[in-house]
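Report on the structure
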Amino acid sequence: MIQLIPAIDIINGQCVRLTKGDYAQKTVYNSNPVEVARHFEELGFKRLHVVDLDGAKSKHIVNTTTLKAITQATSLVVDFGGGIKTNEDVHLAFENGAAMVTIGSVAVTNPDMMEHWIDLYGAERIILGADTRNGKLSINGWLEDSDADIITFIGHYYELGIRKVLCTDISKDGTLTGPSIALYQQIMKAYPDLHLIASGGVSSNQDLQDLEAAGIPAVVFGKAFYEGRLTFNP
């Protein structure tokens, strides 16, 4: 069964969603992320994906207070990403309750540091962030595109033991136009035992069923839930 992972994106301590990663297209859904996290727990979810959008833009983590509040108020297994660029950033994320960290930009720009973190913390505590636009990787809060190919990029870290990969198709994110199933299937074909987490475009319960039918192990969702397009029973 596909793993369902709700997402909370944070700007200025508020629960928000962007459209296609555009900070100018921001919608605030709740001023209290802890309240949102508790609601997800009440619905029976065990996992939570938290994104520090301020951190992603600032190139260092910012919303550690909110992370700590969520992890202290719930028993959700939280992965935290956004702005993790230094040893101190990783330390702060874990110190404030994250069970895992999602690393994207550093994995592209500083692979030596990424490999150090894999050795230090273990591959099971690190999720590789593979954010893509037109088949290429995007970094630094999706404000910059790189020349790296996503399949080759994943392969490098796969050889180092990474098995959890969060792949976001930026062109789909926040658009409610359906997920990029063909892209995810391409990745799964290359690495069949990967725990691939699909992200971007989910608009309905049918999309979740289609991802499961396609053999995708996990999916992150946000906007569709906040706008009442997804229904879950406690």
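The rules behind the values
Residues numbered from 1 in each chain as written. Predicted model: local features only at pLDDT ≥ 70, side-chain atom pairs only at ≥ 80, totals over all residues. Heavy atoms only, no water. Salt bridge = Lys/Arg side-chain N within 4 Å of Asp/Glu carboxyl O. Helix = DSSP H or I, 4+ residues; strand = E, 2+ residues; numbered from the N terminus. Buried < 20%, exposed > 50% of the residue type's maximum accessible area, 1.4 Å probe, protein only.

Before going further, it helps to spend a moment on the pattern of salt bridges. All chains considered together, the criterion is met by two salt bridges. A salt bridge links Asp 79 to Arg 47; the nearest nitrogen and oxygen atoms lie 2.9 Å apart. Taken together, the residues Asp 79 in strand S5 (residues 77-81) and Arg 47 in strand S4 (residues 47-52) connect sequence positions 32 residues apart. For the pair Asp 79 and Arg 47, one class covers both residues: buried. A salt bridge links Arg 163 to Asp 193; its shortest N-O distance comes to 3.6 Å. Taken as a pair, Arg 163 in the loop between helix H7 (150-158) and strand S10 (164-169) and Asp 193 in the loop between helix H8 (181-190) and strand S11 (195-199) lie far apart in primary sequence, 30 residues in all. The exposure class assigned to Arg 163 is partly exposed, which follows from its relative accessible area of 31%. Exposure remark for Asp 193: the relative accessible area of 47% places this residue in the partly exposed category.

Despite not being glycine, Asn 12 shows a phi value in the positive range, around 50°. Position of Asn 12 among the secondary structure elements: in the loop between strand S1 (3-11) and strand S2 (14-19). For Asn 12, a relative accessible area of 59% translates into the label exposed. Look at Lys 59: it is not a glycine, yet its phi comes out positive at around 70°. Summarising the element assignment, Lys 59 is placed in the loop between helix H2 (53-58) and helix H3 (64-73). Since its relative accessible area comes to 43%, Lys 59 is described here as partly exposed.

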